[in-house]
Amino acid sequence: MTSSTVAGQSAAGQGAGTLADQAYRAISDRLVTLQIRPGEPINDERIAAELGFGRTPVREALKRLEHERLIVAYPRRGTFATEVQIADLGHISEVRRQLEPLAAGLAAQRAGEADRADLNRLLAQLADASDAGADLIRLDMTLHRAIYAATRNPYLEDTLIRYDNLATRIWCLFLDRLPGLAGHVHEHGPLLRAIIDGDAEKAAALAEGHVEGFEAAIRSVI
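Peer 1: Teacher, can you tell me more about helix α11 (residues 200-219) here?
Peer 2: For an α-helix, the turn length of 3.6 residues means that residues three or four places apart are oriented alike. Taking 1.5 Å per residue as the helical rise, α11 with its 20 residues ought to reach 28 Å, and the 29 Å between its terminal C-alpha atoms agrees with that figure. When α11 is considered as a whole, its buried residues turn out to be Ala-200, Ala-203, Ala-204, Ala-207, His-210, Val-211, Phe-214, Glu-215 and Ile-218. What you see down the axis of α11 is that its buried residues fit within an arc of 125°, all on one side.

This is how it looks when you write it as structure tokens:
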């Protein structure tokens, strides 16, 4: 599975949306996976040309990304990708420890037939996933977003996407020093199965352990 395939499936799962939505997803992916490096200047005209969008949807996307703390704009200086602040790990994990189990439990309770079909498809993709870092990261993001969507709570979904993005940036920063990347991503297998089976209590417990394991892995290398 290629990274472009996973990214395309993720976008397809969310629906095409407006041009601004599409621009947001494309730029967000570059920021989260550090293709746009922390501190790097953001040129809306160049990004619009690279993505094949007009400047208006790109500017709308950048406003959203600034709100989500992935970019920062300075008067008379320009717009830049935010630095990855390791000191934020505790704050991010504090939120995710509460909300990820909530989302997993709600997904198990509320997922409809289409949601469960999507999760089963992702479970099969997970079993066949390569060990390539970029592919695994994008698959990890796709899995999280499928779970969030299955909660049927758009406010919870948006909040968790924001915090998962910030956590994934930290992960990508230390990717070459973190052992067991494949194992971390494959932890989603039992979690997806619990959600598909409607076992809310088990899904919540597995999600909590996943977040705790992520934080422990990062702290082991900083």
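Peer 1: Would you explain the nonpolar core in this entry?
Peer 2: Inside soluble globular proteins, nonpolar side chains tend to come together where they are buried. Of all hydrophobic cores here, the largest spans 65 residues; its most connected members are Ile-27, Leu-31, Ile-42, Val-58, Leu-65 and Ile-195. At nine residues, the largest contribution of residues to this core is made by helix α7 (residues 133-150). Discounting residues that sit within four places of it in the chain, Ile-195 has contacts with Ala-104, Ala-107, Ala-108, Arg-116, Leu-119, Ile-147 and Ala-203.

Peer 1: Looking at this model, I keep getting lost on the packing of helix α3 (residues 44-51) against helix α4 (residues 55-67). Mind explaining?
Peer 2: When two helices pack together, their arrangement is captured by the angle between the axes and the distance separating the axes. Relative orientation of the contacting elements α3 and α4 amounts to 115°, with a least axis distance of 9 Å. Note on packing geometry: the crossing formed by α3 with α4 is right-handed. Here α3 contributes Asp-44, Glu-45, Ile-47 and Ala-48 to the contact with α4, which in turn contributes Arg-55, Val-58, Arg-59 and Leu-62. Split into classes, the residues belonging to the contact of α3 with α4 amount to four nonpolar, no polar and four charged.

Peer 1: I tried to follow empty space enclosed by the protein on my own but got confused; where do I start?
Peer 2: To find the voids left in a structure, one rolls a probe of water-molecule size over its atoms. Counted by the stated rule, this structure contains two cavities of 30 Å³ or more. Of the pockets and cavities examined, the largest cavity occupies roughly 60 Å³. The wall of the second largest cavity is formed by Arg-96, Asp-140, His-144, Asp-164, Ala-167, Thr-168, Trp-171, His-184, His-210 and Phe-214. The dominant element in the lining of the second largest cavity, judged by the number of residues it contributes, is helix α8 (residues 154-173), at four residues. Of the residues that constitute the lining of the second largest cavity, the class distribution is three nonpolar, four polar and three charged.

Peer 1: Would you take a moment to explain the packing of helix α6 (residues 113-128) against helix α10 (residues 188-196) for this structure?
Peer 2: In contact at an axis separation of 10 Å, α6 and α10 are set at 160° when each is read in the N-to-C sense. In this view, α6 runs roughly antiparallel relative to α10, as classed from their interaxial angle. In this structure, the crossing between α6 and α10 has a hand that is left-handed. Across the interface between the two elements, Arg-116, Leu-119, Asn-120, Leu-122, Leu-123 and Leu-126 of α6 pack against His-188, Gly-189, Leu-192, Arg-193, Ile-195 and Ile-196 of α10.

Peer 1: Quick question: what am I supposed to make of the layout of surface pockets here?
Peer 2: Put simply, the second largest pocket is a space of about 380 Å³. Lining the second largest pocket are 19 residues; nearest its centre among them are Arg-69, Glu-83, Gln-85, Asp-88 and Leu-166. Within the residue set of the lining of the second largest pocket, elements represented by two or more residues are β2 (71-74), β3 (78-81), α5 (89-110) and α8. Per-element tally for the lining of the second largest pocket: the top contributor is α8, with five residues. Of the residues that constitute the lining of the second largest pocket, the class distribution is ten nonpolar, four polar and five charged.

Peer 1: I keep staring at the sheet that holds β2 and nothing clicks. Help me out?
Peer 2: Pairing between the strands of a sheet is mediated by backbone hydrogen bonds and can be parallel or antiparallel. As summarised here, the arrangement of the three strands in space is β1-β3-β2, forming an open sheet in which the pairing is antiparallel. Two strands bound the open sheet, and with one partner strand each, they are β1 (41-42) and β2. Sheet topology note: the β1/β3 ladder contains two bridges and is antiparallel. In the strand pairing of β3, Pro-41 is matched with Phe-80. The strands touched by α4 within the sheet are β1 and β2, with β2 carrying the most contacts at an inclination of about 105°.

The rules we used
Residues numbered from 1 in each chain as written. Predicted model: local features only at pLDDT ≥ 70, side-chain atom pairs only at ≥ 80, totals over all residues. Heavy atoms only, no water. Helix = DSSP H or I, 4+ residues; strand = E, 2+ residues; numbered from the N terminus. Expected span 1.5 Å × (residues − 1). Buried < 20%, exposed > 50% of the residue type's maximum accessible area, 1.4 Å probe, protein only. Arc of directions from axis to C-beta. Core = buried A, V, L, I, M, F, W, Y, C linked by side-chain atoms within 4.5 Å. Contact = heavy atoms within 4.5 Å. Axes fitted to C-alpha atoms, helices over the stretch in contact; angles between N-to-C directions. Left-handed = near helix turned anticlockwise from the far one by under 90°. Nonpolar A, V, L, I, M, F, W, Y, C, P; charged D, E, K, R; others polar. 1 Å grid on protein atoms, 1.4 Å probe; cavity = no way out; pocket = protein on both sides within 12 Å on 5 of 7 lines; lining within 4 Å. Points joined across faces, edges and corners; volume = space filled by probe spheres on them. Parallel < 35°, antiparallel > 145°, perpendicular 65-115°, else oblique. Pairing = 2+ DSSP bridges.

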